[in-house]
Amino acid sequence: MNPLKKTYILKLYVAGNTPNSVRALKMLKNILEEEFQGIYALKVIDVLQNPQLAEEDKILATPTLSKILPPPVRKIIGDLSDRERVLIGLDLLYDELREDEVDF
C-alpha cells in the first residue's frame, strides 16, 4: 500500500514583469515540475495589482516564495536561482530526504 503523498501549497509574490520576478517564476516552475510533479498548487500574486494581499501576508520584498502547506509556513526571498537553497529553505528537501529513509 502506497502512503499518500503530501500536497504543497505555494504562493509566489512578484512585482510585475521585472527580470527578478520572471527569473523566479521560471526557476520555481522548473523545480516544481522536476521535483514535485502533480503534488503542488502554485498561486502567483502580482503585488502591483493586489497590494492588499501582500500586506495581509506581510510581504515586504519581491520576489518572495511562501510555502503555506504542509506546515510550518516558510518564506524565501530572491530570484530562486539556487535550487538547493530553495528546497532546504522551504523544508522541501528535508521532507523528501526523510521520506526516503528506509527502516531496517
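The notes below deal with the structure included here.

Criteria and cut-off values
- Residues numbered from 1 in each chain as written.
- Predicted model: local features only at pLDDT ≥ 70, side-chain atom pairs only at ≥ 80, totals over all residues.
- Heavy atoms only, no water.
- Helix = DSSP H or I, 4+ residues; strand = E, 2+ residues; numbered from the N terminus.
- Expected span 1.5 Å × (residues − 1).
- Buried < 20%, exposed > 50% of the residue type's maximum accessible area, 1.4 Å probe, protein only.
- Arc of directions from axis to C-beta.
- Contact = heavy atoms within 4.5 Å.
- Core = buried A, V, L, I, M, F, W, Y, C linked by side-chain atoms within 4.5 Å.

## Quick look at helix α1 (residues 19-35)
Argument step 1. Compared with the 24 Å implied by 1.5 Å per residue over 17 residues, the 24 Å span of α1 between its first and last C-alpha is a close match.
Argument step 2. Inspection of α1 places Ser21, Ala24, Leu28, Ile31 and Leu32 among the buried residues, and these make up the whole buried set. Seen along its axis, α1 keeps its buried residues to an arc of 100°; they face one direction. Counted as exposed and oriented over 90 degrees from the buried face of α1: Pro19, Lys26 and Glu34.
Argument step 3. Taken together, the buried residues of α1 touch β1 (8-14), β2 (40-46), β3 (64-69) and α3 (83-89).

## Digging into the nonpolar core
A general feature of soluble globular proteins is that nonpolar side chains tend to end up buried together.
Argument step 1. Counting 16 residues, the largest nonpolar core has Leu12, Leu28, Phe36, Leu65, Ile76, Leu80 and Val86 as the members making the most contacts within it.
Argument step 2. Mapped onto this core, the elements with two or more residues apiece are β1, α1 and α3.
Argument step 3. If we skip the residues at most four places from it in the chain, Leu65 touches Leu10, Lys11, Leu12, Leu28, Arg74, Lys75, Ile76, Leu80, Val86 and Leu90.

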